[in-house]
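Understanding the architecture of this molecule
Chain by chain, the residues:
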Amino acid sequence: MSETKAKPVILTGAKPSGELTLGNYLGAIRNWATMMDDFECFFPIVDLHAITVPYKPADLRQRTYQCLAQYLACGLDPARSHIFLQSQITGHTELNWLLACLTPVGDLHRMTQFKEKSAKPGASVNSGLLFYPVLMAADILLYNADRVPVGEDQKQHLEMARNLAQRFNHTYSDTFKVPEPFIPKAGARVMSLQNPTRKMSKSDDNENDYLLLLDPPNRLRKKIMSAVTDSGSEVRADPEKPGITNLLNIFSAVSDRSIADLEKEFGSQGYGTFKKAVAEAVVARLEPIQEKYHELISNKDYLHQVLREGGEVAQKRAYRMLSKVYRKAGFVART
Ligand code: ATP
Ligand code: LTN
């Protein structure tokens, strides 16, 4: 894609820390796919963020390819966006350092995701996990993004990126745009099937908690049929019924039907019939994505080509921004 400077810039990404979930799709990727004509879109796979929790190198490599093939299968188009790997662009970790030197440690300790991940039994609380939001701010500011489309769970991290942009501008001089969050109305927070007061997360230990984009149809059906429901039998969105409400939200998002419409049709049909209908709607929505994915994942040459082309544009942009940042912060320019 040629550089089109006039369009506002969007940057967002997912971590290859596991296979993508329906939450990643509904809260994030399907929305990104609608933005490519109106914005200049940078879609990194944020692989450096994936190593903030224990992992195996071979898994990281495989998940990175899988994540890329899923990005493409979900409709991200390399001809209309820049798709690349965070680890292949020099600049993310360098800007991370400059921003880290402007970040009070107390702010990092207060981040919800850090508190939750470090409180997990047996968690290895490494400094990367603590500095995670600083690297995320670097991802965003390195491309001077105007907007960052994310799920609800990332709001606090976005706030930190905004603060860091302002702090840098204030400490040195005006350099960064202050990025705006872009949170979808529907699907912004898909909850765990077994524990619907927590968000669906690909790094959950129990595989029945989440629906994976690549789960075969029968596994999707089984997981949905065994989702936790609530007492009573009425299908209705209600804070007292988090399980049913979550399934209604999922159904609405995958079928593009309103919650009210679904309540009207399924309100008194019982949970069993309702869950079957949810399962079929999810299967129907994911089937074409899975088909496309299987075509793409075996074509490594094409996947590498996508990364090379996206990476070239990203690297140019990153160098330009980084030179400016180093200059503003008082470093001697390379000659
Ligand atoms: P992990 O479980 O490893 O922390 P994650 O799935 O929460 O991973 P990412 O892969 O980095 O995190 O998320 C990619 C995008 O998906 C982000 O924009 C995030 O806000 C969104 N997202 C993640 N989980 C959900 C969810 N349950 N509902 C809606 N959006 C989600
Ligand atoms: N922290 C995000 C992933 C992420 C990101 C980013 C999202 C890393 N860098 C830059 C948007 C912009 C997450 O856990 N979902």
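Residues numbered from 1 in each chain as written. Chains lettered and ligands numbered in written order. Predicted model: local features only at pLDDT ≥ 70, side-chain atom pairs only at ≥ 80, totals over all residues. Heavy atoms only, no water.

Points about the overall build of the chain
Counting its secondary structure elements, the chain contains 13 helices and 5 strands. Its C-alpha atoms give the chain a radius of gyration of 21 Å, near enough to 20 Å, the size a compact globule of 335 residues would have. Based on the C-alpha atoms only, the size of the chain along its principal axes is roughly 70 × 45 × 40 Å. For the chain, the proportion of its 335 residues judged to be buried stands at 51%. Taking as baseline every contact in the chain between residues at least 6 positions apart, the subset at least 24 positions apart corresponds to 76%. Total accessible area computed for the chain in this model is approximately 15,600 Å², and 51% of it derives from carbon and sulfur atoms. (Helix = DSSP H or I, 4+ residues; strand = E, 2+ residues; numbered from the N terminus. Rg over C-alpha atoms; globule rule 2.2 N^0.38 Å. Buried < 20%, exposed > 50% of the residue type's maximum accessible area, 1.4 Å probe, protein only. Contact = heavy atoms within 4.5 Å. Areas by Shrake-Rupley, 256 points an atom, 1.4 Å probe, with all protein chains shown as cover.)

Remarks on the site of ligand 2
Close contacts around ligand 2 come from 13 residues, with Lys15, Tyr132, Met136, Asp139 and Gln154 the closest. Measuring from an oxygen atom of ligand 2, one finds a side-chain N or O atom of Lys15 at 2.8 Å. Contacts to ligand 2 include Gln154, whose side-chain N or O atom sits 3.0 Å from a nitrogen atom. Because more than half of its atoms lie within 2 Å of the grid, ligand 2 is assigned to the largest pocket. For the shell around ligand 2, the class distribution of residues is 7 nonpolar, 4 polar and 2 charged. (Near = heavy atom within 4 Å. Polar contact = N/O pair within 3.5 Å; in protein donor to acceptor, adjacent residues only side chain to side chain. 1 Å grid on protein atoms, 1.4 Å probe; cavity = no way out; pocket = protein on both sides within 12 Å on 5 of 7 lines; lining within 4 Å. Sits in = over half its atoms within 2 Å of the grid points. Nonpolar A, V, L, I, M, F, W, Y, C, P; charged D, E, K, R; others polar.)

Quick word on unusual backbone geometry
Its identity is not glycine, yet Asn144 carries a phi of approximately 50°, on the positive side. With respect to the helices and strands, Asn144 occurs in the loop between helix 7 (127-141) and strand 4 (147-149). The phi torsion at Asp256 lies on the positive side, around 55°, for a residue other than glycine. With respect to the element layout, Asp256 can be found in the loop between helix 10 (242-255) and helix 11 (259-266).

A short note on the site of ligand 1
Near ligand 1 lie 22 residues; those nearest to it are Lys117, Asp153, Lys199, Ser201 and Lys202. Within the backbone of Gly151, a nitrogen or oxygen atom sits 2.8 Å from an oxygen atom of ligand 1. A class-by-class count of the residues in the shell around ligand 1 yields 6 nonpolar, 10 polar and 6 charged.

Comments concerning the packing of helix 9 (residues 217-225) against helix 12 (residues 271-297)
Closest axis-to-axis distance for the helix 9/helix 12 pair is 9 Å, and the angle between their directions is 150°. Comparing their axes, helix 12 and helix 9 come out roughly antiparallel. Read as a crossing pair, helix 9 and helix 12 show a hand that is right-handed. Contact with helix 9, carried on its side by Pro217, Leu220, Arg221, Ile224 and Met225, involves Gly272, Lys275, Lys276, Val278, Ala279, Glu280, Val282, Val283, Leu286, Glu287 and Gln290 of helix 12 and no other residues of that element. Of the residues belonging to the contact of helix 9 with helix 12, the class tally is 9 nonpolar, 2 polar and 5 charged. (Axes fitted to C-alpha atoms, helices over the stretch in contact; angles between N-to-C directions. Parallel < 35°, antiparallel > 145°, perpendicular 65-115°, else oblique. Left-handed = near helix turned anticlockwise from the far one by under 90°.)

Things to note about the packing of helix 1 (residues 22-32) against helix 10
Any two packed helices are characterised by the angle at which their axes cross and by the distance between the axes. As a packed pair, helix 1 and helix 10 sit with axes 11 Å apart at the nearest point and diverge in direction by 50°. Considering the angle they form, helix 1 stands oblique to helix 10. Classified by chirality, the crossing of helix 10 by helix 1 is left-handed. Of the residues in helix 10, those touching helix 1 at Leu22, Leu26 and Arg30 are Ile250, Ala253 and Val254.

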